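Tertiary structure, described
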Amino acid sequence: MPTAATLNDLDLILRGGVAGLLILVAAILLRDHWGRTAARLGVLFAFSGAAHAITGSPGVCGQVGPWTLPLVMLSTGGNVAFWLFASALFEDGFKPRPIHAVIWTVVVIVGSIQGLVLAPTGSPYAVYVAGALTLETLFFVGLASGQILAARAGDLVEPRRRLRLQVVATAAGYIALRALSDLSGVRQALPAAASLIDALALALVAAVVALALLSLRGGEAMFGQAATPRPVSAPQDAEAAKALDHAMRIDRAYRQDGLTIGALATQLSLTEHRLRRLINQDLGWRNFNAFLNSWRIAEAKAALADPTQAEVPILTIALDAGFASLGPFNRAFKADTGLTPTEYRRAESGIGEA
């Protein structure tokens, strides 16, 4: 059976490799994609992971000193950083808000107090704060995973679609390994073995992140650069594009309640993969729902600007265009035009709604 010294040596090697790899990822993101929100949050997540690897290593864990404070802060905020990074990477149009900074700051403060004050001094409150931080980890990783999976069906960027499952599986694996070491009592009975398990999980996370984000082609697609529309030159592409345009413009398929890309592909007698490629690579859309909403909003704008429909309620116009309720319609409409539907109607037709 390996000795504690051997386990510590393996732990240090793994954690050193993880920290180095994540710092490399951060450097490449800074170099190639700094102007994009997802890349900046990716840098924060990468540095948080590297700090977590360092602060959990033998000889460093539990030490209190000025040099450990920034590392502990970065490490503690890693779960929130993961959630924000996943939101920015997988949700087009995501923008950090002040509340996100407040959440990150609160978690960092609580975690820093736990790691630098309560735990080292053996405070009776340490166990309760540690439990709260464990729940915080489960919450933010679960929240991010749920968001990633929920929006996968409408994602038209193929590298990003594949990455969704990889990220969720990796996050779940990391949590499972940590939970296993905690619930089995390994962390208390064999701290060196538990630390090595944590290092192995970190290495897995770092490897998946590095392989996904260091791919130049995938990085270009995933970090918010819309596909460049190209001429539809191949006969099969021209035929598919014509059928899609007819379905949208003439049949108004976007009005169908709960229309999915799979259902639309069936209606057009196309494979789902071919339709995804057409809408993404030929038309430049990254998300199927955004593609549908562009047609819905165009119809709503025409109706709102039509003086003969001045008495038609906005809710009716929204429902007729294919929106399920008024709230999503208002948000999508304002994001597209910068105006509320009422303001747009007033500006275009000169008529306000009572």
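Treat the numbers as computed from the prediction; the structure is a model and nothing was measured.

1. A few points about the overall build of the protein chain
When helices and strands are counted, the protein chain shows 17 helices and zero strands. Counting the 354 residues in the protein chain, one finds 42% classified as buried. When contacts within the protein chain are restricted to residue pairs at least 6 apart in sequence, those whose partners lie at least 24 apart make up 69%. Here the protein chain displays about 17,800 Å² of accessible surface, and carbon together with sulfur accounts for 65% of that area.

2. Things to note about helix 14 (residues 288–304)
Look at helix 14: 24 Å from first C-alpha to last across 17 residues, which is about the 24 Å you get at 1.5 Å a residue. Buried within helix 14 are the following residues: F288, F291, L292, N293, W295, R296, I297, E299, A300, A303 and L304. In this structure N287 caps helix 14, since a side-chain oxygen of it lies 2.9 Å from the backbone nitrogen of N289.

3. Some thoughts on the pattern of salt bridges
A full pass over the atoms with the stated rule returns nine salt bridges. In this structure, a network of salt bridges that share partners links the residues D92, D155, R160, R164 and R286.

4. Let's talk about a nonpolar patch on the surface
Taken together, I23, L30, W34 and F47 make up a surface patch of nonpolar side chains, about 360 Å² in accessible area. Its place among the elements puts F47 in helix 2 (residues 37–55).

5. Observations concerning helix 16 (residues 326–337)
At 3.6 residues per turn, the α-helix brings residues three or four places apart onto the same side. Relative to the 16 Å expected for twelve residues at 1.5 Å per residue, helix 16 spans 16 Å between its end C-alpha atoms, a close match to the ideal helical length. Taken as a whole, helix 16 has its buried residues at F329, A332 and F333. Looking straight down helix 16, one finds its buried side chains confined to an arc of 100°; they lie on one side. Counted as exposed and oriented over 90 degrees from the buried face of helix 16: R331 and A335. With its phi angle positive at about 80°, G338 sits one or two positions after the end of helix 16.

6. Looking at the nonpolar core
Among the nonpolar cores identified, the biggest contains 23 residues, and F82 and F90 are the most heavily contacted of them. Elements with a contribution of two residues or more to this core: helix 2, helix 4 (78–90), helix 6 (126–150) and helix 7 (158–183). It is helix 4 that provides the largest number of residues to this core, a total of ten residues. Among residues more than four places away in sequence, those in contact with F82 are F45, V141, A144, V167 and A171. Within the second largest apolar cluster, 20 residues are counted, among which are I261, L275, I279 and F288.

7. Some details on the side chain of R286
Inspection of the secondary structure puts R286 in the loop between helix 13 (272–282) and helix 14. Polar contacts involving the side chain of R286 include one to the side chain of D92, which spans 3.0 Å.

8. Describing unusual backbone geometry
A positive phi is found at R252, a non-glycine position, where the angle reads about 55°. Turning to its location among the elements, R252 is positioned in the loop between helix 11 (235–249) and helix 12 (261–267).

9. Some remarks on the side chain of R276
Along the chain, the position of R276 falls in helix 13. Once residues within four sequence positions are removed from consideration, R276 is found in contact with A153, G154, D155, L156, R161 and I261.

10. A few points about the environment of R286
Judged by its relative accessible area of 9%, R286 is buried. For R286 and L156, which are 130 residues apart along the polypeptide, the C-alpha to C-alpha distance reads 5.0 Å.

11. Focus on the packing of aromatic side chains
Enumeration over the complete set of coordinates arrives at ten aromatic pairs. Plain terms: the ring middles of W83 and F140 are 5.4 Å apart, the flat faces sit at 40° to each other, and that makes the pair tilted. Taken together, the residues span a long stretch of sequence, with W83 in helix 4 and F140 in helix 6 at a distance of 57 residues. One aromatic cluster is present, built from ring pairs that chain together F323, F329, F333 and Y344.

12. Focus: the packing of helix 14 against helix 16
Taken N-terminus to C-terminus, the directions of helix 14 and helix 16 make an angle of 85°; their axes are 10 Å apart at the nearest point. With respect to helix 16, the axis of helix 14 lies roughly perpendicular. Residues N293, I297, A300, K301 and L304 of helix 14 form the contact with helix 16, whose participating residues are F329, A332, F333, D336 and T337. In the contact of helix 14 with helix 16, the residues fall into six nonpolar, two polar and two charged.

13. Some words on the confidence of the model for the protein chain
Mean pLDDT for the protein chain: 81, with 80% of residues reaching 70 or above. Per-element averaging of pLDDT across the protein chain places helix 10 (residues 216–222) at the bottom with 51 and helix 12 at the top with 94.

14. Some thoughts on the environment of A253
Turning to its location among the elements, A253 is positioned in the loop between helix 11 and helix 12. Put simply, A253 and R296 are 43 residues apart on the chain and 9.9 Å apart in space, counted from C-alpha to C-alpha.

Cut-off values and rules
Residues numbered from 1 in each chain as written. Predicted model: local features only at pLDDT ≥ 70, side-chain atom pairs only at ≥ 80, totals over all residues. Heavy atoms only, no water. Helix = DSSP H or I, 4+ residues; strand = E, 2+ residues; numbered from the N terminus. Buried < 20%, exposed > 50% of the residue type's maximum accessible area, 1.4 Å probe, protein only. Contact = heavy atoms within 4.5 Å. Areas by Shrake-Rupley, 256 points an atom, 1.4 Å probe, with all protein chains shown as cover. Expected span 1.5 Å × (residues − 1). Polar contact = N/O pair within 3.5 Å; in protein donor to acceptor, adjacent residues only side chain to side chain. Salt bridge = Lys/Arg side-chain N within 4 Å of Asp/Glu carboxyl O. Patch = residues over 30% accessible without salt bridge, like charges linked within 9 Å, V, L, I, M, F, W, Y side chains within 5 Å. Arc of directions from axis to C-beta. Core = buried A, V, L, I, M, F, W, Y, C linked by side-chain atoms within 4.5 Å. Phe/Tyr/Trp six-rings, centres within 6.5 Å; stacked < 30°, edge-to-face > 60°. Axes fitted to C-alpha atoms, helices over the stretch in contact; angles between N-to-C directions. Parallel < 35°, antiparallel > 145°, perpendicular 65-115°, else oblique. Nonpolar A, V, L, I, M, F, W, Y, C, P; charged D, E, K, R; others polar. pLDDT = per-residue confidence, 0-100.

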